[in-house]
Structure formats: C-alpha cells, structure tokens
Amino acid sequence: MSIRLGDIAPDFQAETTEGTISFHEWLGDSWGILFSHPKDFTPVCTTELGYMAKLAPEFHKRNCKVIGLSVDPVERHAEWAKDILETQGYAVNYPMIGDRNLAVAKLYDMLPAQEEGTFEGRTAATNQTVRSVFIVGPDKKIKLTLTYPMTTGRNFDEILRVLDSMQLTAGYKVATPVNWKSGEDVIIVPAVSDDEAKEKFPGGWKTLKPYLRFVPQPGAHEPSLN
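Residues numbered from 1 in each chain as written. Predicted model: local features only at pLDDT ≥ 70, side-chain atom pairs only at ≥ 80, totals over all residues. Heavy atoms only, no water.

A. The arrangement of the overall build of the protein chain in detail. Across its full length, the protein chain holds six helices and eleven strands. The 226 residues of the protein chain split such that 46% are buried. Long-range contacts, defined here as pairs at least 24 residues apart, represent 65% of the contacts in the protein chain between residues at least 6 apart. Total accessible area computed for the protein chain in this model is approximately 11,400 Å², and 52% of it derives from carbon and sulfur atoms. (Helix = DSSP H or I, 4+ residues; strand = E, 2+ residues; numbered from the N terminus. Buried < 20%, exposed > 50% of the residue type's maximum accessible area, 1.4 Å probe, protein only. Contact = heavy atoms within 4.5 Å. Areas by Shrake-Rupley, 256 points an atom, 1.4 Å probe, with all protein chains shown as cover.)

B. Here's a closer look at the packing of aromatic side chains. Applying the stated criterion across every chain, the model contains seven aromatic pairs. Between Phe 41 and Trp 80, the aromatic rings sit 6.3 Å apart at their centres with planes inclined by 40°, giving tilted as the arrangement. Within this pair, whereas Phe 41 is found in the loop between strand E3 (31–37) and helix H2 (43–61), its partner Trp 80 is found in helix H3 (residues 74–88), the two being separated by 39 residues in sequence. On the basis of relative accessibility, which here comes to 1%, the residue Trp 80 falls in the buried class. Geometrically, the ring pair formed by Tyr 108 and Phe 134 is edge-to-face, given 5.0 Å between the ring centres and 65° between the ring planes. Within this pair, whereas Tyr 108 is found in the loop between helix H4 (103–107) and strand E6 (132–136), its partner Phe 134 is found in strand E6, the two being separated by 26 residues in sequence. Each member of the pair, Tyr 108 as well as Phe 134, carries the same accessibility label: buried. One aromatic cluster in this structure is built from Phe 12, Phe 23, Trp 26, Tyr 108 and Phe 134. Residue placement shows Lys 65 over the ring face of Trp 26; its charged tip is 5.4 Å from the ring centre. (Phe/Tyr/Trp six-rings, centres within 6.5 Å; stacked < 30°, edge-to-face > 60°. Lys NZ or Arg CZ within 6 Å of the ring centre and 35° of its normal.)

C. Representation of the environment of Pro 10 within the structure. As for its placement among the helices and strands, Pro 10 is situated in the segment before strand E1 (13–16). For Pro 10, a relative accessible area of 8% corresponds to the buried category.

D. Focus on the sheet that holds strand E9 (residues 186–188). One open sheet accounts for four strands, arranged E8-E9-E11-E10; its pairing is antiparallel. Edge positions in the open sheet fall to strand E8 (174–175) and strand E10 (206–209), since each of these has one partner strand only. Alignment of E8 against E9, held across two bridges, turns out to be antiparallel. Counted as the bridge partner of Ala 175 is Ile 187 from E9. (Pairing = 2+ DSSP bridges.)

E. Fine view of the confidence of the model for the protein chain. When pLDDT is averaged along the protein chain, the result is 94; 96% of the residues meet or exceed 70. Counted against residues more than four places away or in other chains, residues 220–226, with its pLDDT under 50, gives twelve contacts. (pLDDT = per-residue confidence, 0-100.)

F. Seen up close, the pattern of salt bridges. Tallying each qualifying case throughout the model produces 14 salt bridges. Two residues, Asp 164 and Arg 62, come together in a salt bridge whose shortest N-O distance is 2.5 Å. You can see Asp 164 sitting in helix H5 (residues 156–171) and its partner Arg 62 sitting in the loop between H2 and strand E4 (64–70), a full 102 residues away along the chain. In terms of burial, Asp 164 and Arg 62 fall into one category: buried. Among the salt bridges present, the one from Arg 76 reaches Asp 72, with a minimum N-O distance of 3.4 Å. Judged by relative accessible area, which is 33%, Arg 76 ranks as partly exposed. Among the residues examined, Asp 72 registers a relative accessible area of 1% and is labelled buried. Residues participating in the shared-partner salt-bridge network are Glu 58, Lys 61, Arg 62 and Asp 164. (Salt bridge = Lys/Arg side-chain N within 4 Å of Asp/Glu carboxyl O.)

G. Up close: unusual backbone geometry. In this structure, Phe 41 takes a positive phi of about 60° despite not being glycine. Located in the positive-phi region is Asn 63, a residue other than glycine, with phi close to 55°. Position of Asn 63 among the secondary structure elements: in the loop between H2 and E4. The exposure class of Asn 63 is partly exposed, given its relative accessible area of 39%.

H. Molecular detail of the side chain of Arg 154. Within the secondary structure, Arg 154 is located in the loop between strand E7 (142–147) and H5. A polar side-chain atom of Arg 154 sits 3.3 Å from a polar atom in the side chain of His 37. Apart from the residues within four sequence positions on either side, Arg 154 is in contact with Phe 35, Ser 36, His 37, Glu 48, Arg 131, Ser 132, Val 133 and Tyr 148. (Polar contact = N/O pair within 3.5 Å; in protein donor to acceptor, adjacent residues only side chain to side chain.)

Take a look at the structure:
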C-alpha cells in the first residue's frame, strides 16, 4: 500500500529496544516521528541516530515521541548503540524497532509488499529505500513523508522546524512561508476573509496581495482558531 498525506498511519506491533509496542497505543495523544534505516552499523545513519538523540529533548517539549527502525534484530541495535555513543557523544534515548522480517518496512511502502525473506543476507544497498521519515499527528494521520538517499544525511533541524509549523498551523488559520522559523511572521490563509481576520488578528497585518497577508506569529495570548 502507498502512504499519502492524510492517511491513517498503519498500526503495527513490533519488538523494540524498549520492549514490544503497539504503534498507535504507544503514540497515545502525542505527535510521533518514525524514521528508518536500511541496516545497522552504517556510517551516515550512525550520525543521524546520534543527532536525533541530541534533539530528543526538543521533540519531547513539543509532545512528540521519536522512534527509529532498522532492518536488523533488536540485539544488533544494542551493539550499534554503543558505537553511536562512542562516536557521536549521545546515547540513543528513544526506542529502535527491530524489523528483522521486513514487516514494518513493507507496511509503510519502504519495500515492496511482495519482498521475500528476512534481514539475513540483505545489505544496506538492497534496503536503500528504507530511509524515510514519517511525522504522525495525534489523530494518527500522516502529516509528512520524506525519503533520502543513503549518501545524504537527513536534516533533523528541518524536521523540528516542520513540526513547529504543523503544530502552529493546526491551531491557527495560518500558513508558514518559505524558510520560516518559529517566531517569524506567518501568512493568513486565503479562506479567512478580511472581516474574520480583523477579529482573529486585531493587531493588523501587512497585505502584499489579497491572497498574501502577513501577520506576526500568533501565540498563547491570542484566541485559538480551531
């Protein structure tokens, strides 16, 4: 099955470095990030796992749980974690799924559903499409998907930025412009009329075009537009 924005994230049960989980139950009312790796002991992924461990407190502040996946057993993850701590300076502080039977990779369309076998005999090259990021909302719907080549490290600062944008725009009738960062001006969505905007944004806004109206980022002191 293909995974599209707005789809319900496929639920699954899996072994992780923190025990067996059921994905939807594990998420609860939180946002979630599932990011995958083609194989343990791969160089680029080693740097990514370490950096995600560094950023984990930032995701926690945003009520967002993090979970990794690699096409290898949980026992190998534990050994890999030692290398990650040694080389990156951060201990893995989130669960890692052991996808030894390729079940989650196939469920999330990172490998073909008809793919046969287990992790045994497979290389990073044969698993190269297992390099995806999924952001899941509290409603269990897919909010973002990204797939990277093996030779390019993922930018998890960007994932954090996107999460800030999605959480903001989920609560207010705004969108975020190119290269936006938290605290910068945002765009009033076209569905909001000027009359409604006067109520929602009493401080006013800057109009560049009728469809392009910039306003300071709304905060806790302003009414939610849910």
